[in-house]
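Listed here are the chains, written in short residue letters.
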Amino acid sequence: MSEIVRSADQRSLARAAAERIVAVLVEAQRARGSASLVLTGGGTGVATLTAVRDLGGDVDWSAVDVFYGDDRFLPEGDPERNHRQTREALLDHVDVDPARVHVMAASDTPPGDIVAAAAAYHQTIAAFAGPSGEPTFDVHLLGMGPDSHVNSIFAGTDAVRETERLVLAVTDSPKPPPERITLTLPAVRRSRHVFLLVSGEGKADAVAACVGGADPIEHPAAGAVGLDSTVWFLDEGSASRL
Ligand SMILES: O=C(O)[C@H](O)[C@@H](O)[C@H](O)[C@H](O)COP(=O)(O)O
């Protein structure tokens, strides 16, 4: 069952989500000594990370494993890279252990080939998850497009139909750039908590469809479900069709 948290605007949405993210990370570290966080791209995700930076004083950032839900297969440092945007919003401002920030390969870093880069990231997750596999992540953040895409999982594609593999190379993204590496829905569903961060009137129809139980093949965000919780952080615009 999804939980919906409505805020007035993107700024207050980001703060509400940041408070919950910090609470999950602090609780995970109290219970298990470490925490794991999957980052997302997009303006709402970045605004949320900026709020986490301001609120996250109780998190031991050196004991957080950071992963990416997707990244664009572009040269390292490209402003369109989620890694670049999330460093500027959060990672460069807290004492994360660089060895525990698990970056998806850029197009100009080893291995240089997108399929090999996706396979390498799968190995990274498999090594982190251990033999049992679930749960793997404490909290997975997800921005969502007006087409209900999350990560780089788009409606009607091979990526949204994937039921086994955790990481895929996407070479046909309908949203530029065409080449991306993405976690799949089976990977998302290995998270204790899935937090969808969705703002703006343009997302309202997609939100209503996904919250209303749409088929994930046509609305991928509908398949983004956490093991313990799934929370939609919305503003008045994105919640306006509920
Ligand atoms: O890879 C991408 O194309 C973007 O990351 C995209 O998936 C973004 O996360 C959503 O469109 C939400 O973006 P906003 O939060 O800016 O609406």
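Placed above this text is the structure.
Residues numbered from 1 in each chain as written. Predicted model: local features only at pLDDT ≥ 70, side-chain atom pairs only at ≥ 80, totals over all residues. Heavy atoms only, no water.

Draft legend 1. Fine view of unusual backbone geometry. In this structure, Pro111 follows Pro110 across a cis peptide bond, with omega equal to 5°. Following the sequence through the fold, Pro111 ends up in the loop between α3 (82–89) and α4 (114–129). The omega torsion of the bond from Pro176 to Pro177 falls at -5°, within 30 degrees of zero and hence cis. By the element assignment, Pro177 lies in the loop between β6 (167–170) and β7 (180–183). If you check the backbone angles, Ser148 has positive phi at about 70° while not being a glycine. Following the sequence through the fold, Ser148 ends up in the loop between β5 (137–143) and α5 (158–161). Of the residues examined, Ser148 reaches a relative accessible area of 0% and is grouped as buried. Non-glycine residue Asn151 carries a positive phi angle of around 45°. Tracing the chain through its elements places Asn151 in the loop between β5 and α5. Judged by relative accessible area, Asn151 falls into the buried class, the value being 4%. (Helix = DSSP H or I, 4+ residues; strand = E, 2+ residues; numbered from the N terminus. Buried < 20%, exposed > 50% of the residue type's maximum accessible area, 1.4 Å probe, protein only.)

Draft legend 2. Expanded view of the pairing of β7. Burial of the side chains of β7 extends over both faces: Arg180 and Thr182 are buried on one face and Ile181 and Leu183 on the other. Here three bridges tie strand β4 (residues 70–72) to β7, and the two strands are oriented antiparallel to one another. Along β7, the bridge assignment pairs Arg72 with Arg180. Across four bridges, β6 lies against β7 in antiparallel orientation. Of the residues in β7, the one forming a bridge with Ala169 is Ile181. (Pairing = 2+ DSSP bridges.)

Draft legend 3. Structural detail: the packing of helix α2 (residues 43–55) against α3. It is at 8 Å that the axes of α2 and α3 come closest, and there the two elements cross at 30°. Relative to α3, the element α2 lies roughly parallel. In this structure, α2 meets α3 at a crossing whose hand is right-handed. Of α3, the residues touching α2 (which contributes Val46, Leu49, Thr50 and Arg53) are Gln85, Thr86, Glu88 and Ala89. (Axes fitted to C-alpha atoms, helices over the stretch in contact; angles between N-to-C directions. Parallel < 35°, antiparallel > 145°, perpendicular 65-115°, else oblique. Left-handed = near helix turned anticlockwise from the far one by under 90°. Contact = heavy atoms within 4.5 Å.)

Draft legend 4. Structural context of the site of the ligand. Neighbouring residues of the ligand: 13 residues in total, closest Gly43, Arg72, His149, Arg180 and Lys203. The contact in question runs from an oxygen atom of the ligand to an N or O atom on the backbone of Gly43, over 2.7 Å. For the ligand, the accessible surface in isolation is 420 Å², of which the surrounding protein chains cover 86%. With respect to the detected pockets, the ligand is housed in the largest pocket. Classifying every residue of the shell around the ligand gives one nonpolar, seven polar and five charged. (Near = heavy atom within 4 Å. Polar contact = N/O pair within 3.5 Å; in protein donor to acceptor, adjacent residues only side chain to side chain. Areas by Shrake-Rupley, 256 points an atom, 1.4 Å probe, with all protein chains shown as cover. 1 Å grid on protein atoms, 1.4 Å probe; cavity = no way out; pocket = protein on both sides within 12 Å on 5 of 7 lines; lining within 4 Å. Sits in = over half its atoms within 2 Å of the grid points. Nonpolar A, V, L, I, M, F, W, Y, C, P; charged D, E, K, R; others polar.)

Draft legend 5. Quick look at the layout of surface pockets. A volume near 340 Å³ is recorded for the largest pocket. What lines the largest pocket is a set of 21 residues, and nearest its centre among them are Gly41, Gly42, Arg72, His149 and Lys175. Broken down by secondary-structure element, the contributors of at least two residues to the lining of the largest pocket are α2, β4 and α3. Looking at the lining of the largest pocket residue by residue, the class counts come to four nonpolar, 11 polar and six charged. (Points joined across faces, edges and corners; volume = space filled by probe spheres on them.)

Draft legend 6. Up close: the pattern of salt bridges. Applying the stated criterion across every chain yields a total of 16 salt bridges. Asp138 serves as the salt-bridge partner of Arg32, at 2.6 Å between the closest nitrogen and oxygen. Linking Arg32 in helix α1 (residues 10–32) with Asp138 in strand β5, this pair joins segments that are 106 residues apart in sequence. Residue classification places Arg32 among the partly exposed residues on the basis of a relative accessible area of 43%. A relative accessible area of 4% places Asp138 in the buried class. Salt-bridge contacts for Arg72 lead to Glu80; the nearest nitrogen and oxygen are separated by 2.5 Å. (Salt bridge = Lys/Arg side-chain N within 4 Å of Asp/Glu carboxyl O.)

Draft legend 7. Up close: the sheet that holds strand β3 (residues 64–68). Within the open sheet, the six strands sit side by side as β1-β9-β8-β5-β2-β3. Their pairing is parallel. In this open sheet, the two edge strands, each paired with only one partner strand, are β1 (2–7) and β3. On average, each strand axis in the sheet is inclined to that of its neighbour by 20°, with strand direction left out of account. Direction of pairing for strand β2 (residues 35–39) relative to β3: parallel, over a ladder of five bridges. Its bridge partner lying in β3, Leu39 is registered against Tyr68. In the packing of helix α7 (residues 204–211) onto the sheet, contacts are made with β1, β8 (191–198) and β9 (229–235), and the angle to β9 comes to roughly 155°.

The values reported here are purely geometric and, on their own, carry no functional implication.
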